[in-house]
Amino acid sequence: MKIIVVGAGYVGLVTGACFAKKGNHVTIVEQNEDKIRALEMGKIPFYEPGLDQYVTEGIKHNLLQFSNDLAETLKTQKYDIIFLCVGTPSLANGDPDMSAVWKVIHCIGQNLMHNCIIVNKSTVPVGTARKATTLLNEILATRTIAVTATIASNPEFLREGSALLDFMQADRVVCGVESDEAKEILYALYKPFVEKPADIIDMNFESAELTKYAANGMLATRISFINELARLADAVKADIVDIKKGMGSDKRIGSAFLNPGVGYGGSCFPKDIDALISTGTQYKEEMTLMRQVKKVNDTQKQWFIDSIFNFYGHDILNKTIGIWGLSFKPETDDIRSAPSLDLINALIEDDIKIIAYDPAAMMHVKELYKDKVRFVKHKQDLLAQVDALVIMTEWQEFIDTNLEDFTHIKDRVIFDGRNCFDPIELHMHNLTYFCVGRNVYSPEWHEKSIEKRAEYLEQI
Ligand SMILES: NC(=O)c1ccc[n+]([C@@H]2O[C@H](COP(=O)([O-])OP(=O)(O)OC[C@H]3O[C@@H](n4cnc5c(N)ncnc54)[C@H](O)[C@@H]3O)[C@@H](O)[C@H]2O)c1
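What this report covers is the structure whose coordinates are included nearby. (Residues numbered from 1 in each chain as written. Predicted model: local features only at pLDDT ≥ 70, side-chain atom pairs only at ≥ 80, totals over all residues. Heavy atoms only, no water.)

1. Examining the packing of helix α5 (residues 99-111) against helix α6 (residues 128-141)
At step 1: Closest axis-to-axis distance for the α5/α6 pair is 9 Å, and the angle between their directions is 35°. Regarding α5 and α6, the two cross each other, and that crossing is right-handed. Across the interface between the two elements, Trp-102, Ile-105, His-106, Ile-108, Gly-109 and Gln-110 of α5 pack against Thr-128, Lys-131, Ala-132, Leu-135, Leu-136, Ile-139 and Leu-140 of α6. (Axes fitted to C-alpha atoms, helices over the stretch in contact; angles between N-to-C directions. Helix = DSSP H or I, 4+ residues; strand = E, 2+ residues; numbered from the N terminus. Left-handed = near helix turned anticlockwise from the far one by under 90°. Contact = heavy atoms within 4.5 Å.)

2. Re the sheet that holds strand β12 (residues 388-391)
At step 1: Taken in spatial order, the 6 strands make up an open sheet running β11-β10-β9-β12-β13-β14, and their pairing is parallel. Pairing within the sheet leaves two strands with one partner each, and these edge strands are β11 (374-375) and β14 (432-434).
At step 2: With 5 bridges joining them, strand β9 (residues 320-324) and strand β10 (residues 353-357) adopt parallel strand pairing. Across the sheet, Gly-322 pairs through a bridge with Ile-355, a residue of β10.
At step 3: Strands β9, β10 and β12 of the sheet are contacted by helix α13 (residues 339-349), whose axis makes an angle of about 170° with β9. (Pairing = 2+ DSSP bridges.)

3. A short note on the site of the ligand
At step 1: Taken together, 25 residues are adjacent to the ligand, and Glu-30, Lys-35, Thr-88, Glu-160 and Lys-271 come closest.
At step 2: Here a nitrogen atom of the ligand sits 3.2 Å away from a polar atom, N or O, in the main chain of Gln-31.
At step 3: Contact between the ligand and Lys-271: an oxygen atom at 2.6 Å from a side-chain N or O atom of the residue.
At step 4: Here the ligand loses 89% of its free accessible area of 840 Å² to cover by the protein chains.
At step 5: Its residues assigned to classes, the shell around the ligand comprises 10 nonpolar, 8 polar and 7 charged. (Near = heavy atom within 4 Å. Polar contact = N/O pair within 3.5 Å; in protein donor to acceptor, adjacent residues only side chain to side chain. Areas by Shrake-Rupley, 256 points an atom, 1.4 Å probe, with all protein chains shown as cover. Nonpolar A, V, L, I, M, F, W, Y, C, P; charged D, E, K, R; others polar.)

Interpretation note: all reported values are geometric properties and have no functional meaning in isolation.
Structure representation (structure tokens):
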């Protein structure tokens, strides 16, 4: 099939490269010229394992090309389907910013030259596909040539870091389709990406749009659930890893998305939870659970930061803090709503020195904080220069650290927000180790944190 993909971000580029991999002819249209220049040279503008190879292969086989002019592409090329993969970041009130989506719909309406299916992959409020259908038909009615466009909604569920696998071997493909033609085309296009046809699930527009939010709402709920339980585990001297095993081995529950940490971040969960709450408000449904999921997440992020400040008290002002991990999760360079940024902001506010390392995301953090944060090229480079180490992302290279290396940290203190290590082993190396929901193995720590927490609660 001949496909246009609008937006060369994490979703658009993966979508385009994967469709090309299966023999479709794909043109990716991106407004950012720097991204286009890089892509034409086979360079990926962000970190996603394996994507560079897909893009290079696609270009080599003349299946993948790039453009920065949507109007021109619509006028000069043949296409059966157009995918919308533009960003929908949160506005200050929690609603998604839909300006990029509407801009693209307008451009398509004004420049479309062939009948085609327009498929939205961006995460958008319920009602968008129906509104887009009305808007497109209004614009097309003013054109001198007779063309028709059929809208479909096809939310994307890929995860940064394993995006290619998620796309190439999708658990399911959700299609909001309300015409037989759109349904047939999407089934034909996606057949090579699923194990069996039943994994392509069709439904009405509203259901498809809400399914995306429902999936992220459930995943965020599990994260907040385990995080809240991890804090309770610390308070009652239990081990959250044992609890997870005991609970997750129940087939009704499972163990996915039950790793306690420093709270969820990234470009999807925070904004999608906000959008779900906002949709609830619009339709007079309170979304009580989603509000609490968000609240627990904010509490978790603050709890971890407080634990560092509580441990040192006033002395923290003279400390240098090392940070391992800046991206919101491993295998991506994405720092959108990353918990590491909350930590950096809190440290900077008190003029505390920071030295940071991340395998992929340092340049983005550098752009934000300039010389307020120092960076090192290798993870070991900062250990001897810092008083304490904070781990914010569970990159495999951190997990693979030789524990002897930690003995170079001046105060021999580690705050591990991702439970990368066995607390007992670290205590055996004479290191003070604070983690999440496993502080039962550190009696001194435990007493201190309970006491400090009581003081803290009294103050607020
Ligand atoms: N990142 C993820 O893991 C993920 C997963 C599932 C769904 N989503 C959703 O998919 C959508 C895209 O997410 P993303 O992470 O790829 O965003 P992104 O910000 O990385 O990429 C969006 C791209 O679209 C481009 N763009 C915007 N307007 C354009 C226009 N008029 N013409 C051409 N290009 C234009 C931007 O320059 C940018 O490169 C969002 O709605 C997001 O919520 C994201």
